[in-house]
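One-letter residues, chain by chain:
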Number of protein chains: 2
Amino acid sequence: MSGRAVTITEVARHAGVAVSTVSYVLSGKRAISADTRRRVLDSVRTLGYHPNAGARALASRRANVIALVLPLRAGMHVPVLMQFATSVVTAARQYDHDVLLLTADEGPDGIRRAAASALVDGLVLMDVELHDTRVPLLRDLAEPSVLIGFPADTSGLTCVDLDFARAGALCVEHLAQHGHREVALLGAPAVVYERGTGFARRTWEGFTEAAAAHGLTGVALPCEETFEQVAAVVGELLDTRPDLTALVVHNEAAVNHVLGALRQHGRRVPQDIAVVAICPDDIAERSSPALTSVLIPAEEVGRQAVRLLMDKLEGRTVPEGTLLQPRLTVRDSTAASGR
Amino acid sequence: MSGRAVTITEVARHAGVAVSTVSYVLSGKRAISADTRRRVLDSVRTLGYHPNAGARALASRRANVIALVLPLRAGMHVPVLMQFATSVVTAARQYDHDVLLLTADEGPDGIRRAAASALVDGLVLMDVELHDTRVPLLRDLAEPSVLIGFPADTSGLTCVDLDFARAGALCVEHLAQHGHREVALLGAPAVVYERGTGFARRTWEGFTEAAAAHGLTGVALPCEETFEQVAAVVGELLDTRPDLTALVVHNEAAVNHVLGALRQHGRRVPQDIAVVAICPDDIAERSSPALTSVLIPAEEVGRQAVRLLMDKLEGRTVPEGTLLQPRLTVRDSTAASGR
DNA sequence: CCCCGTTGTCGAAGCGCTTCGACGCTCTCA
DNA sequence: TGAGAGCGTCGAAGCGCTTCGACAACGGGG
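Residues numbered from 1 in each chain as written. Chains lettered and ligands numbered in written order. Predicted model: local features only at pLDDT ≥ 70, side-chain atom pairs only at ≥ 80, totals over all residues. Heavy atoms only, no water.

In the annotation of an unreviewed UniProt entry, the entry for chain A reads LacI family transcriptional regulator, and the organism field reads Planobispora siamensis.

A.B. asks: When you look at the protein's contact with DNA strand C in this model, what are you seeing that I'm missing?
C.D. replies: Close contacts around DNA strand C come from 30 residues, with I8, R30 and Y49 of chain A together with T21 and T36 of chain B the closest. Counting only the atoms of DNA strand C within 4 Å of the protein, the fraction contributed by sugar and phosphate is 57%. Taking K29 of chain A, its side chain carries an N or O atom lying 3.0 Å from a phosphate oxygen of DNA strand C. Contact distances for DNA strand C include 2.5 Å between a phosphate oxygen and a side-chain N or O atom of T21 of chain B. The element that contributes the greatest number of residues to the surface near DNA strand C is helix α4 (residues 53-60) of chain A, accounting for five residues. A breakdown of the residues in the surface near DNA strand C according to their chemical character gives 15 nonpolar, 10 polar and five charged. (Near = heavy atom within 4 Å. Polar contact = N/O pair within 3.5 Å; in protein donor to acceptor, adjacent residues only side chain to side chain. Helix = DSSP H or I, 4+ residues; strand = E, 2+ residues; numbered from the N terminus. Nonpolar A, V, L, I, M, F, W, Y, C, P; charged D, E, K, R; others polar.)

A.B. asks: What is the right way to look at the environment of E10 of chain B in this model?
C.D. replies: You can see E10 of chain B is positioned in helix α1 (residues 8-15). The exposure class of E10 of chain B is partly exposed, given its relative accessible area of 26%. (Buried < 20%, exposed > 50% of the residue type's maximum accessible area, 1.4 Å probe, protein only.)

A.B. asks: Looking at this model, I keep getting lost on empty space enclosed by the protein. Mind explaining?
C.D. replies: In this approach the atoms are scanned with a rolling probe the size of a water molecule, which exposes any empty space left behind. On inspection of all chains with the given rule, the structure shows four cavities of 30 Å³ or more. The calculated volume of the second largest cavity comes to roughly 180 Å³. A53, G54 and L119 of chain A together with G54 and L119 of chain B are, among the 16 residues lining the second largest cavity, the residues nearest its centre. Elements that contribute at least two residues to the lining of the second largest cavity include exactly α4 of chain A together with α4 (53-60) of chain B. For the lining of the second largest cavity, the per-class residue count stands at 14 nonpolar, two polar and no charged. (1 Å grid on protein atoms, 1.4 Å probe; cavity = no way out; pocket = protein on both sides within 12 Å on 5 of 7 lines; lining within 4 Å. Points joined across faces, edges and corners; volume = space filled by probe spheres on them.)

A.B. asks: It is not clear to me how the state of the cysteines should be interpreted in this structure. Could you clarify?
C.D. replies: Chemically, a disulfide is nothing more than a covalent bond linking the sulfur atoms of two cysteines. One pass over the structure, following the stated rule, counts zero disulfides over all chains. Free cysteine: C171 of chain A, not disulfide-bonded; nearest cysteine sulfur from C279 of chain A at 9.8 Å. (Disulfide = S-S within 2.5 Å.)

A.B. asks: Could you clarify how one ought to interpret the relation of the copies chain B and chain A in this entry?
C.D. replies: Both copies of the chain are related through a single rotation about an axis accompanied by a shift along the same axis. Its rotation angle being 180°, the transformation that places chain B on chain A also includes 0.0 Å of axial translation and leaves an RMSD of 0.1 Å. Taken together, the rotation and translation describe the operation of a two-fold axis. A share of 100% of interface residues in chain B that are also interface residues in chain A marks the association as one of identical surfaces. (Least-squares fit on C-alpha atoms with pLDDT ≥ 70 in both. Contact = heavy atoms within 4.5 Å.)

A.B. asks: What exactly am I supposed to notice about the domain arrangement of chain A here?
C.D. replies: It is common to report an interface's size as the accessible area lost on association of the parts. The domain architecture assigned to chain A consists of domain 1 (8-51), domain 2 (65-161 + 298-324) and domain 3 (164-296 + 328-335). Put simply, the middle of domain 1 of chain A and the middle of domain 2 of chain A, counted by C-alpha atoms, are 35 Å apart. (Domains from an automatic or database assignment.)

A.B. asks: It is not clear to me how helix α12 (residues 252-264) of chain B should be interpreted in this structure. Could you clarify?
C.D. replies: Because an α-helix completes one turn every 3.6 residues, residues spaced three or four positions apart along the sequence face the same direction. Those residues of α12 of chain B not exposed but buried are E252, A254, V255, H257, V258, L259, G260, A261 and L262 of chain B. A positive phi of about 75° marks G266 of chain B, the residue just after α12 of chain B.

A.B. asks: How do you make sense of the protein's contact with DNA strand D when you look at a structure like this?
C.D. replies: Taken together, 30 residues lie near DNA strand D, and T21 and T36 of chain A together with I8, R30 and Y49 of chain B sit nearest. In DNA strand D, the atoms that sit within 4 Å of the protein are 56% sugar and phosphate, with bases accounting for the remainder. Contacts to DNA strand D include S20 of chain A, whose side-chain N or O atom sits 3.1 Å from a base oxygen. In this structure, a phosphate oxygen belonging to DNA strand D sits 2.8 Å away from a side-chain N or O atom of S33 of chain A. Those elements giving two or more residues to the surface near DNA strand D turn out to be α2 (19-27) and α4 of chain A together with α2 (19-27) and α4 of chain B. If one sorts the elements of the surface near DNA strand D by residue count, α4 of chain B sits on top with five residues. For the surface near DNA strand D, the class distribution of residues is 15 nonpolar, 10 polar and five charged.

A.B. asks: When you look at the interface of chain B and chain A in this model, what are you seeing that I'm missing?
C.D. replies: Contacts between the two partners involve 48 residues from chain B, matched on the other side by 48 residues from chain A. For the pair chain B and chain A, the summed buried area comes to about 4,500 Å², and 66% of that belongs to carbon and sulfur atoms. At the junction of chain B and chain A, the tally comes to six salt bridges. Across the salt bridge formed by D98 of chain A and R113 of chain B, the nearest N and O atoms sit 2.7 Å from each other. Our count for the contact surface shared by chain B and chain A stands at 14 residue pairs in polar contact (both at pLDDT 80 or more). (Buried area = accessible area lost by both parts, 1.4 Å probe. Salt bridge = Lys/Arg side-chain N within 4 Å of Asp/Glu carboxyl O.)

A.B. asks: How should I be thinking about the nonpolar core in this particular structure?
C.D. replies: Membership of the largest hydrophobic core comes to 106 residues, with the highest contact counts inside it found for I66, L68 and V99 of chain A together with I66, L68 and V99 of chain B. The contact partners of I66 of chain B, leaving out residues within four places of it in the chain, are V88, A92, H97, D98, V99, L100, V120, G122, V124, V306, L309 and M310 of chain B. Formed by 48 residues, the second largest nonpolar core is a distinct cluster that contains A114 and V135 of chain A together with V135 and L157 of chain B. (Core = buried A, V, L, I, M, F, W, Y, C linked by side-chain atoms within 4.5 Å.)

A.B. asks: Help me understand the pattern of salt bridges in this model?
C.D. replies: If the charged atoms of two oppositely charged side chains come close together, the side chains can form a pair. Across all of its chains, the model carries 50 salt bridges over all chains by this definition. Residue D153 of chain A is joined to R139 of chain A by a salt bridge in which the shortest nitrogen-to-oxygen separation is 3.6 Å. Separated by 14 residues along the polypeptide, D153 of chain A in the loop between β4 (145-148) and β5 (159-162) and R139 of chain A in helix α7 (residues 134-139) bring together distant segments of the chain. Residue D153 of chain A is classed as partly exposed on the basis of its relative accessible area, which comes to 43%. R139 of chain A gets classed as partly exposed once you look at its relative accessible area, which sits at 37%. D272 of chain B is the salt-bridge partner of R268 of chain B, the closest N and O atoms lying 3.0 Å from each other.

Here it is in structure tokens:
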């Protein structure tokens, strides 16, 4: 490597054409004869030319970079966040864009800075709360943005997420079909609900409503993440609700503790009690027994977010809300349950 | 927001000075009278001026962006990765740089592209293997880079990491002090060792050598991450080694399974068996009992990596290897052990 | 009192690219 | 056979910024 980088001027000289011709070959924005194209591409290859990103951004007013705004707050399950992040990067690359990582600790200023300096063409925000302080900012930003998660008021925005209400309901329906009459939801830590995190609340509501609709007794509880606290909640539940035969767990970090607590209390899964989780597949598969679960389709959500953002960048109009339908995978933690 | 962005020309006009003067006020590269400086800064503020990143990069040949190259491979503990990532972003912002996220699935080409296009000024690579294919590329890249983790041959590179050998030894020493005579290491999944992941191997070696040095019987085993597999290994260990009184666990995902397995086998921690973990503090604290642990100082490593990169960007020479000293925090999983 | 070194400011030349308008060809159709 | 319509290519004008050299204005030392 070393030395100065190859410029488009050198490529043009090497191929014996004008600079603009090289540019058109590379962008495909004007017709170019097959012969010229071949010669230019040859020169590009032999010289090892890479267009200068800054110059390109300056001249075209497009940086070909999008921002990914990560939160990092208590109670968020990090591996899922990471899945979102990597799928956003991968999807962005498919549209020939790169991804700039912005964290929450710079606050709204960071977003404004990146947008105003034309560092990025658009934004993807993760883990949006019901009353997110970043939302007003997005509304009057010139750059388009897409939210992963739904704030309370989605007007003027573009949001994508799994349909968590449906996910909660799906778990209940599955259990109802298997004859369970009394079920419990173990959710996120209390702080997550208090903060107004949409997906946690919506699961809760979906669970509660579906239980009512199917005539089940359903109780929903927040759930902390240390073994001791989980064991306490589980113990309490088992003691006070003798007819309880199924648990829905919507808390990645607590899933294994729940199973451990049940083991400790001498309950077998699924013979004594059924368990359904809402979590990534790898967690469900790695538990013992393997858990029937509704997976968080992080990869799909990330891809959709990028697709929507690209549509907006092209000037196409996109729907305000996009809800991905959950699917339930039956594994060993409910299968044998024939009561 | 909306409309076209404010340019330096408009600021200059508004403040009644030349464009270059505005530039010098902002960069501080030439002396400017207090009065002029104030007027310019006022204009900047009232107009809401943000320098265009592309133009700046083009003219100054510095993008003020660094790349963070993430792997994503089996057996890596994601939350730790995420800690690295966020600390790199935070540290970079302190040097007025942004972070571009590159993933491994584009391979070395992604690195080359980002560097050659002047999208980034330098690179931080995470989770480097002993024989990493990206390393030769880095050696002949014009852009400086810093590795988190040590490859087998570090010549011509800059590497930072926790001193894992020392971490393994520290655990042994702590246990030796508490009178333990036979100890076991439960490490990463076998695939991680086979792949040649430096930090896993170095912990193993540090553990083994320290055990020998202190006259302890020490056995080291890889450890998979499902509860069943962990329980099997733990069961086997307890059965075949009746004198075993302490476990060192270097596997974030398996830690809780180990505790669960010990519970299942009726062993109390720390009365019957002591446990030391090498893992982030939050995991150690959230376990029950809270674990004596050597923490992975992810935040410190990320910060150092950025500092080293900035030094290289400034043309300063930096050491090839930087090893961070581990510290052991005593908690409940070894404290009461008085044997 | 003259010369020279400072200090503060300006103008202009790029940085490497995209894109617009122009222009010379070659075809086609009347 | 000549006008008009593409097609393929070129030159030049920026995009918004940094940085270099120039140059007033001012003071201090000989």
